[in-house]
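Each chain, letter by letter, is given below.
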Amino acid sequence: MEIGLTINGTERSADVPAATLLVDMLRDELGLTGTHIGCDTSQCGACNVLLDGKVVKSCTLLAAQAVGTQVTTIEGLADGDMLHPMQAAFKAEHGLQCGFCTPGMVMAGLEIVRRHGTQVTAEQVTHDLEGNLCRCTGYINIVKAIVTGARAMGETVDA
Amino acid sequence: MRDFALSRPTTLAEAAAAFASGGEAAYLAGGHTLLPAMKSRLRMPDTLIDLSALPGITGVHHEADRLWIGALTTHAAVADDATVQSTIPGLARAALLIGDPMVRNRGTIGGVLANNDPAADYPAMAVAMDAVIETDRASHSADDYFQGMFATALEDGEIITRIGFRIPERAAYAKFRHPASRYAIVGVFVARFADGEVRVGIIGAGPGVFRWPQAEAALKNDFSPAAIKGLVLDSADLNTDIHAGPEYRAHLCGVMLANAVGEA
């Protein structure tokens, strides 16, 4: 079936079987491999994308369920060479080691700012990261990165 | 996942017709149970019927002594809704304890109640708040609706349209999660109504949601954690697995109920 949706501001489409997951359409049909498949069992959050601005697991959503929506993937965050403040914060705070979970963590970070605002606390971040697994870092620097990214997003808005 | 024919009806009648069109059919709500089951081929429907385009099946509506929630309302929408927060704040807080942020953005109350997983949270709220579960063809009371593990009063093809909770004066939910899977080992919702009635719904502990009449009676006399101190649930019919045996689950039911009463 023909699936049409807007990805990172650009209208895209693909002709795929109805059983195609959104993550597989992004990666295999559209070449957007920044969205990762970690567990494929809805637990790890590596496949997180924004669907109409809200974070969802793209491994637990049919591409057909996203028809007509606005999808934002990790590729859609940077402005040319300028990293999004949340991405820059992960770099500055060393919020990653192997990097596999990072795209999903950044997307979860954006959801945390959407829900709690740019003055979010480390405790709120820790609570709201319960659907994202990282097997390297122990999460300390990831929490720091999201707090730093949130503050930076506040400054960007205020500027 | 095996391929299927996808249908996206815009009326309840079209949805029921698609369900009856032959072969195995399944309704898709939030999909956070069904799609994982389809990936592992525990479920292989020939026809998948996406309910998301049905009109009037989301949202919150306060009417007399009940709060009505549309079946396809997500957990995040329940948690964030101003009417839920003002009429049953314990329900808004409980919705925030379901799954994780991504699950809450997709999972729906109707999907949870139709599936009736023994560790799902909403059956506890439905039983404790004397819910009415309305469908395209009937109206079920929560006490009759839940019939054990993954079993409900729904007939083949029946679609939940909305859930009406009787509004309590005080209510709260407490759950003890498995530290890795985050599923409830025990979850307890308690509700106290204006006429003094107290209802307790327990999930995770048994093969399906159940009430605890002795605790309800004790709390009716004295709505405080002290009123149930020393009261122990009969563990005969409780679940046992590598995480928790029946006696431990019975103990947790008392502790979680006391926590919920303290918070309510």
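Worth saying up front: this structure is predicted, and the values here are computed from it rather than measured. (Residues numbered from 1 in each chain as written. Chains lettered and ligands numbered in written order. Predicted model: local features only at pLDDT ≥ 70, side-chain atom pairs only at ≥ 80, totals over all residues. Heavy atoms only, no water.)

Undergrad: For this particular structure, what's the right way to read the packing of aromatic side chains?
TA: Where two aromatic rings form a pair, the distance of their centres and the angle of their planes describe that pair. Residues and elements named next belong to chain B. Inspection of the entire model under this criterion finds four aromatic pairs over all chains. On the numbers, 6.2 Å between centres and 35 degrees between planes, the contact of Tyr173 with Phe189 is tilted. Taken together, the residues Tyr173 in strand E9 (residues 170–177) and Phe189 in strand E10 (residues 184–192) connect sequence positions 16 residues apart. Judged by its relative accessible area of 3%, Tyr173 is buried. Here Phe189 falls in the buried class, since its relative accessible area comes to 0%. Both rings, one in Phe176 and one in Tyr248, keep their centres 6.5 Å apart while their planes meet at 80 degrees; by these two values the pair is edge-to-face. Placement of the pair is Phe176 in strand E9 and Tyr248 in helix H11 (residues 246–263), with a sequence separation of 72 residues. Here Arg166 stacks its cationic end above the ring of Phe193, 3.9 Å away from the centre of that ring. (Phe/Tyr/Trp six-rings, centres within 6.5 Å; stacked < 30°, edge-to-face > 60°. Helix = DSSP H or I, 4+ residues; strand = E, 2+ residues; numbered from the N terminus. Buried < 20%, exposed > 50% of the residue type's maximum accessible area, 1.4 Å probe, protein only. Lys NZ or Arg CZ within 6 Å of the ring centre and 35° of its normal.)

Undergrad: I'm lost on the interface of chain A and chain B in this one. Help?
TA: In many reports, interface size means the accessible area that the parts give up when they come together. Contacts between the two partners involve 27 residues from chain A and, on the opposite side, 27 residues from chain B. Each partner contributes to the roughly 2,100 Å² buried at the junction of chain A and chain B, and carbon and sulfur atoms together form 57% of this total. One can count six salt bridges joining chain A with chain B. Between B:Arg104 and A:Glu130 there is a salt bridge, with its nearest N and O atoms 3.9 Å apart. Linking chain A with chain B are 10 residue pairs in polar contact (both at pLDDT 80 or more), by the criterion used here. At the level of elements, strand E3 (48–51), strand E4 (54–57) and helix H3 (102–116) of chain A are the ones that each hand at least two residues to the side of chain A that touches chain B. (Contact = heavy atoms within 4.5 Å. Buried area = accessible area lost by both parts, 1.4 Å probe. Salt bridge = Lys/Arg side-chain N within 4 Å of Asp/Glu carboxyl O. Polar contact = N/O pair within 3.5 Å; in protein donor to acceptor, adjacent residues only side chain to side chain.)

Undergrad: Would you explain the domain arrangement of chain B in this entry?
TA: Residue and element names in this part refer to chain B. With domains assigned, chain B is organised as domain 1 (5–53), domain 2 (60–166) and domain 3 (170–263). In this structure, domain 2 and domain 3 have C-alpha centres spaced 19 Å apart. Across the domain 2/domain 3 interface, buried area totals approximately 1,900 Å², and carbon plus sulfur atoms make up 58% of it. Of all residues in domain 2, Leu97, Ala128 and Arg166 give up the largest surface area on contact with domain 3, accounting jointly for 27% of the area buried on that side. Counting every contact that joins domain 2 to domain 3 gives seven salt bridges. Put simply, Arg93 and Glu263 hold a salt bridge, and the shortest N to O gap is 2.8 Å. For the side of domain 2 that touches domain 3, the secondary-structure elements that each account for two or more residues are helix H5 (89–95) and helix H8 (122–128). (Domains from an automatic or database assignment.)

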